[in-house]
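# Structural overview
Listed here are the chains, written in short residue letters.
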Amino acid sequence: MIHIEKKILHTVRETISAHRMFKQGDAVLVAVSGGPDSIALVHIIFTLAVEFSLRPAIAHLNHCLRGSDSDRDAEFVADTARQLGAPIYSDRKDVFGFQQSHRLSLEEAARMVRYDFYNAVAAEYGFNKIALGHHSDDNAELVLINLLRGSGPLGLSGIAPVRDGKIVRPLIHLRRSGILDYLAAKKMPYVTDTSNTDPAFIRNKIRHHLIPALQTAYNPKIIESLNRLGEIVRVEDQWFDQALEPVFEQCVLSKTDGKISLNLPAFNELPKAVKRRVVR
């Protein structure tokens, strides 16, 4: 138990430092669904809170998609907060209704409602960081999904360790298997979302069928390879955006009320790849 805990905490410390996720005194809202990733995250954040001078709290959103199971998860997270002595902010949202009214996929609707909730809590109660439990398997799955969709560099870069200086993912360099080993060693319970095995969702097809097939037949380290691809693309994409900033400014005539007017003669002279970035 001591070995796996030290290994996990060491990796998370390095991740926090490498990506400058926290500074002293940060108020951190930890998103907790009750699943293994978020339970590991919240225990790790509370373990490291004194070391990094953090003020953590828990946020849980009941998506109301799985009936009594959703209510069970909410109660489980509330129990976790009580055990940790942590402040908790929770709410219920009709994600299915939001999906229907906005004509979105269920995954996209859930994501939008969830992030709106986290941002609203952070704004109202003064949290300057929101910690999410994504890990390297999640990142590999997203890179592969976006590759299959024909995405450009932004999609292939995967999940950013830090987004907008606010969203942080301290577990992003951990494997799912390592997180489960950590929970088992610490004898920490968690809940299981049955939708994570539903083949109707493309991510589940990728996770349970395509990636195992790639590991068996082509590359046993496909998770690591996809994460490396994402990191390479992310860093290069950021550099290109910075390098092309003067070109963007030359093409812009005005910026008013969120609307941008382009200098079309200058824009039309640009190479196709640069045009795409200017528009983006």
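Structure report, in brief.

Definitions and cut-offs
Along each chain, numbering runs from 1 in the same order as the chain's sequence is written. Under the rules for a predicted model, residues below a pLDDT of 70 receive no local features and side-chain atom pairs below 80 are neither given nor counted, while totals for whole chains, interfaces and linings still include all residues. Water and hydrogen atoms play no part in the side-chain values, which are based on all heavy atoms of the structure. For every residue, the accessible area (1.4 Å probe, protein chains only) is compared with the maximum for its type, and the residue is labelled buried under 20%, exposed over 50%, or partly exposed between those bounds. The way it works is that DSSP assigns letters per residue, a run of H or I at least four long becomes a helix, a run of E at least two long becomes a strand, and they are numbered from the N terminus. Only strands that DSSP links by at least two bridges are regarded as paired with each other. Here a crossover is taken to be right-handed if, once the strands point away from the viewer, the path from the first strand over the helix to the second is traced clockwise. Here, a salt bridge means any side-chain nitrogen of Lys or Arg that lies within 4 Å of a carboxyl oxygen of Asp or Glu. One fewer than the residue count of a helix, multiplied by 1.5 Å, yields its expected span. In plain words, nonpolar cores are sets of buried Ala, Val, Leu, Ile, Met, Phe, Trp, Tyr and Cys residues tied together by side-chain atoms within 4.5 Å. Think of a polar contact as two N or O atoms within 3.5 Å of one another; within protein, one of them needs to be a possible hydrogen donor and the other a possible acceptor, and neighboring residues in sequence only count if both atoms come from side chains. Whether two residues are in contact is decided by their heavy atoms, any of which lying within 4.5 Å being enough. Interaxial angles span 0 to 180 degrees and are taken between N-to-C directions of axes, which are lines fitted to C-alpha atoms, for helices over the stretch in contact. Note that the term roughly parallel is reserved for angles under 35 degrees, roughly antiparallel for angles over 145, roughly perpendicular for angles of 65 to 115, and oblique for everything else. If you view the pair so one helix is near and one far, a crossing is left-handed when the near helix is turned anticlockwise from the far one by less than a right angle, and right-handed when it is turned clockwise.

Burial analysis of strand 2 (residues 55-62) places seven of its eight residues in the buried class, the great majority of the element. In this structure, strand 1 (residues 27-31) lies alongside strand 2, joined through five bridges in parallel fashion. Residue pairing across strands places valine 28 opposite proline 56, the latter belonging to strand 2. The β-α-β motif built from strand 1, the intervening helix 2 (residues 36-48) and the parallel element strand 2 has right-handed crossover chirality. In the sheet, strand 2 pairs with strand 3 (residues 88-92) via five bridges, with the strands oriented parallel. Directly across from histidine 60, in strand 3, lies its bridge partner serine 90. Once the chain exits strand 2 it traverses helix 3 (residues 68-84) before rejoining the sheet at strand 3, and the crossover so formed is right-handed.

Let's shift gears to the pattern of salt bridges. Applying the stated rule across the entire model yields 23 salt bridges. The residue aspartate 91 makes a salt bridge to lysine 93 at a minimum N-O spacing of 3.6 Å. The class of lysine 93 is partly exposed, set by a relative accessible area of 35%. A salt bridge links arginine 207 to glutamate 141; the shortest N-O distance between them is 3.0 Å. Of this pair, arginine 207 sits in helix 9 (residues 202-217) while glutamate 141 sits in helix 6 (residues 136-148); the two residues are 66 residues apart in sequence, bridging distant segments of the chain. Side by side, arginine 207 and glutamate 141 carry an identical accessibility label, which is buried.

A word on unusual backbone geometry. You will see that arginine 103, though not glycine, has its phi angle at about 55°, which is positive. Residue placement: arginine 103 occurs in the loop between helix 4 (95-102) and helix 5 (106-125). In this model, lysine 187 sits at a positive phi of 55°, which is unusual for a non-glycine residue. Tracing the chain through its elements places lysine 187 in the loop between helix 8 (176-186) and helix 9.

This part covers helix 2. Compared with the 18 Å implied by 1.5 Å per residue over 13 residues, the 18 Å span of helix 2 between its first and last C-alpha is a close match. Within the sequence span of helix 2, burial applies to Ser38, Ile39, Ala40, Leu41, Val42, His43, Ile44, Ile45 and Leu48.

Another point: the nonpolar core. Judged by nonpolar contacts, the single largest core of 35 residues is most densely connected at Val12, Phe22, Val30, Ile44 and Tyr182. Elements represented by at least two residues in this core include exactly helix 1 (2-18), strand 1, helix 2, helix 3 and helix 8. Sorting elements by how many residues they give to this core places helix 2 first, with seven residues. Core analysis: the next-biggest nonpolar cluster, separate from the first, contains 20 residues, Val95, Ala109, Ala110 and Ile130 among them.

Summarising the element assignment, aspartate 26 is placed in the loop between helix 1 and strand 1. Polar side-chain contacts of aspartate 26 include one of 2.8 Å to the backbone nitrogen of lysine 23. Engagement of the side chain of aspartate 26 in a polar contact is seen with the side chain of lysine 129, the distance being 3.0 Å. With residues near it in sequence (within four places) discarded, aspartate 26 still touches Met21, Ser53, Leu54, Arg55, Asn128 and Lys129.

Turning our eyes to something else, we now look at the packing of helix 2 against helix 3. Where helix 2 contacts helix 3, the axes come no closer than 12 Å and their chain directions differ by 15°. Taken together, the axis directions place helix 2 and helix 3 in an arrangement best described as roughly parallel. For helix 2 against helix 3, the interelement crossing comes out right-handed. Seen from helix 2, the contacting residues are Ile39, Val42, His43 and Phe46; seen from helix 3, they are Phe76, Thr80 and Leu84.

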